[in-house]
Amino acid sequence: MKDYLADARATDEKTAKLRALRLAQVTPPKPAKAKKAKSIPVEKLNAANDK
């Protein structure tokens, strides 16, 4: 039983160490660029409304 508990403790310690290393490498996501709205010529707007 002592061997089992020692193995479990070692696994938990390794897991915590690896988790800390992984979290230290994570970089925050970059904010998304705002998309520029396309302008629609007035002629097309009027033509679409006439139909």
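Higher on the page you've got the structure.
So, a few notes on the structure that sits alongside this text. Everything numeric in this text was worked out from a predicted model, so none of it was measured.

### What to know about the overall build of the protein chain
Looking only at helices and strands, the protein chain features two helices and zero strands. Within the protein chain, the proportion of its 51 residues that are buried is 0%. Counting only carbon and sulfur atoms, one obtains 59% of the accessible surface of the protein chain, whose full area is about 5800 Å².

### Some thoughts on a nonpolar patch on the surface
Side chains of Met 1, Tyr 4 and Leu 5 sit close together on the surface and give an oily, nonpolar patch of about 400 Å² of accessible area. Take Leu 5: it is sitting in helix 1 (residues 2-25).

### Overview of helix 1
Over its 24 residues, helix 1 runs 35 Å from end to end, which matches the ideal 34 Å to within 8%, given 1.5 Å per residue. Among the 24 residues that make up helix 1, zero are buried, leaving the element largely open to the surroundings.

Thresholds, definitions, all that
Residues numbered from 1 in each chain as written. Predicted model: local features only at pLDDT ≥ 70, side-chain atom pairs only at ≥ 80, totals over all residues. Heavy atoms only, no water. Helix = DSSP H or I, 4+ residues; strand = E, 2+ residues; numbered from the N terminus. Buried < 20%, exposed > 50% of the residue type's maximum accessible area, 1.4 Å probe, protein only. Areas by Shrake-Rupley, 256 points an atom, 1.4 Å probe, with all protein chains shown as cover. Patch = residues over 30% accessible without salt bridge, like charges linked within 9 Å, V, L, I, M, F, W, Y side chains within 5 Å. Salt bridge = Lys/Arg side-chain N within 4 Å of Asp/Glu carboxyl O. Expected span 1.5 Å × (residues − 1).

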